[in-house]
Amino acid sequence: MKTKNYLALCAAVAVAVVLSVLYVPGLSDTVEQVLLAFLASNA
Amino acid sequence: MGGLRIILQIVGIAILILATTIITLRLDNQDADGPSILFPGGQLISGELHTGPEPDWSFTDDVSTIELQLVDPMSSRTIFIMESEGKIYIPSGYMRSTLGRIWKDWAFQADEGDGLAVARINGVRYERQLIRIKEGPALNGIVAKMAAKYGAGATPEAIQAGRESIEAGDIWIFEMAARGA
């Protein structure tokens, strides 16, 4: 993938992630649970 | 060469997703009335503010986590609580690990600052003063309660290991004393 297309993909992914985290019900809690489990076992 | 480039691009996307998620969650929660599961929140606003004599803190044996807010800097997080001999205590672990120093910055701020805090327990807010406990006989009761409540049980081995972790600085314990006490 050319750099220009890759950067456009990155921007689109970032926007999609932000919107998903903010507006998909329960997603933020699930992500935090996974992060907490990771930190508890690796910190 | 083309294969390596694709792998690096995929890794880059994965890192981007993780970083974007963490930043979004942190920013989204920083001014909230209390913390989320993992990320700090803002000032504890809702809930009755307790006044009057100290309550019987033994009710906290049935409380898994509380919300704790430092006055300076103004931020709040979710944390364990232990009652021992009529006093309440909070732990902060991983204090000598690099990740712990980032994750548990509030404990350093409480220890180095004025220690003024507000705890919200079962929806009631309590104004407290955080005092770090590094040693002393009180640790036995605190560690026993911590092991019984959050560990595998208050065995002599668990209590000894807990004491050693605290005295080595791996776990920090703060008493949540009444202000002006």
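Computed from a prediction, not measured in an experiment: that's the story for all the values here.

Trainee: Requested: an account of the overall build of chain B, with residues and values cited.
Mentor: Counting secondary structure elements, chain B contains five helices and eight strands. Each helix and strand of chain B, ordered N terminal to C terminal, gives the series α-β-β-β-β-β-α-α-β-β-α-α-β. Considering only C-alpha atoms, chain B reaches an extent of 70 × 40 × 30 Å along its principal axes. Across the 181 residues of chain B, 31% fall into the buried class. Sequence separation of at least 24 residues holds for 59% of the intrachain contacts in chain B that already meet a minimum separation of 6.

Trainee: Break down the overall build of chain A for me, citing the residues and quoting the values.
Mentor: Looking only at helices and strands, chain A features two helices and zero strands. Counting only C-alpha atoms and orienting by the principal axes, one finds that chain A spans roughly 40 × 25 × 10 Å.

Trainee: Tell me what's going on with the interface of chain B and chain A, and back it up with residues and numbers.
Mentor: With 17 residues of chain B at the interface, the matching set in chain A holds 18 residues. Elements with a contribution of two residues or more to the side of chain B that touches chain A: helix 1 (2-29) and helix 2 (98-103) of chain B. No other element matches the nine residues that helix 1 of chain B contributes to the side of chain B that touches chain A.

Trainee: Describe the packing of helix 1 (residues 3-23) of chain A against helix 1 of chain B, and please don't skip the residues or the numbers.
Mentor: At their nearest, the axes of helix 1 of chain A and helix 1 of chain B sit 9 Å apart, and the two run at 35° to each other. Helix-helix and strand crossings are classified by hand; for helix 1 of chain A and helix 1 of chain B the assignment is right-handed. Seen from helix 1 of chain A, the contacting residues are Tyr-6, Cys-10, Val-13, Ala-14, Val-17, Val-18, Val-21 and Leu-22 of chain A; seen from helix 1 of chain B, they are Gln-9, Ile-13, Leu-16, Ile-17, Thr-20, Thr-21, Thr-24, Leu-25 and Asp-28 of chain B. Among the residues forming the contact of helix 1 of chain A with helix 1 of chain B, the class breakdown is 12 nonpolar, four polar and one charged.

Trainee: Can you lay out unusual backbone geometry for me, pointing to particular residues and giving the numbers?
Mentor: All names here are of chain B. Cis geometry is found at the peptide bond from Asp-72 to Pro-73, where omega equals 0°. Tracing the backbone shows Pro-73 in the loop between strand 2 (65-70) and strand 3 (75-80). The phi dihedral of Glu-85 is positive, around 50°, even though this residue is not glycine. Of note, Glu-85 is situated in the loop between strand 4 (82-84) and strand 5 (87-92). Even without glycine at this site, Asn-122 takes up a positive phi of about 50°.

Trainee: Provide a residue-level description of the domain arrangement of chain B, including the pertinent values.
Mentor: Interface size is often expressed as the accessible area that is lost when the parts come together. Residues and elements named next belong to chain B. The domain boundaries assigned to chain B delineate domain 1 (1-30) and domain 2 (32-178). Relative placement of domain 1 and domain 2: their C-alpha centres are 34 Å apart. Contact residues are listed per partner, giving four residues for domain 1 and seven residues for domain 2. Here the side of domain 1 that touches domain 2 is composed, by residue class, of one nonpolar, two polar and one charged.

Trainee: Describe the environment of Ser-97 of chain B, listing the residues and the values that go with them.
Mentor: All names here are of chain B. Of note, Ser-97 is situated in the loop between strand 5 and helix 2. Accessibility expressed as a C-beta count within 10 Å gives 14 for Ser-97, which makes it partly exposed. Ser-97 sits 73 residues away from Asp-170 along the chain, and the two C-alpha atoms are 8.1 Å apart.

Trainee: I'd like a rundown of the nonpolar core, residues and numbers included.
Mentor: Residues and elements named next belong to chain B. Ranked by size, the top nonpolar core spans 32 residues in total, and within it Tyr-89, Ala-117, Phe-174 and Met-176 carry the most contacts. Residue assignment for this core shows that the elements contributing at least two residues are strand 2, strand 5, helix 3 (105-112), strand 6 (116-121), strand 7 (124-133), helix 4 (138-150), helix 5 (156-168) and strand 8 (172-178). Counting residues per element, this core draws most heavily on helix 4, at five residues. If we skip the residues at most four places from it in the chain, Met-176 touches Ile-88, Tyr-89, Ile-90, Ala-117, Ala-119, Arg-128 and Leu-130.

The rules behind these values
Residues numbered from 1 in each chain as written. Chains lettered and ligands numbered in written order. Predicted model: local features only at pLDDT ≥ 70, side-chain atom pairs only at ≥ 80, totals over all residues. Helix = DSSP H or I, 4+ residues; strand = E, 2+ residues; numbered from the N terminus. Buried ≥ 20, exposed ≤ 12 C-beta atoms within 10 Å, placed from the backbone. Contact = placed C-beta atoms within 7 Å. Axes fitted to C-alpha atoms, helices over the stretch in contact; angles between N-to-C directions. Left-handed = near helix turned anticlockwise from the far one by under 90°. Nonpolar A, V, L, I, M, F, W, Y, C, P; charged D, E, K, R; others polar. Domains from an automatic or database assignment. Core = buried A, V, L, I, M, F, W, Y, C linked by C-beta atoms within 7 Å.

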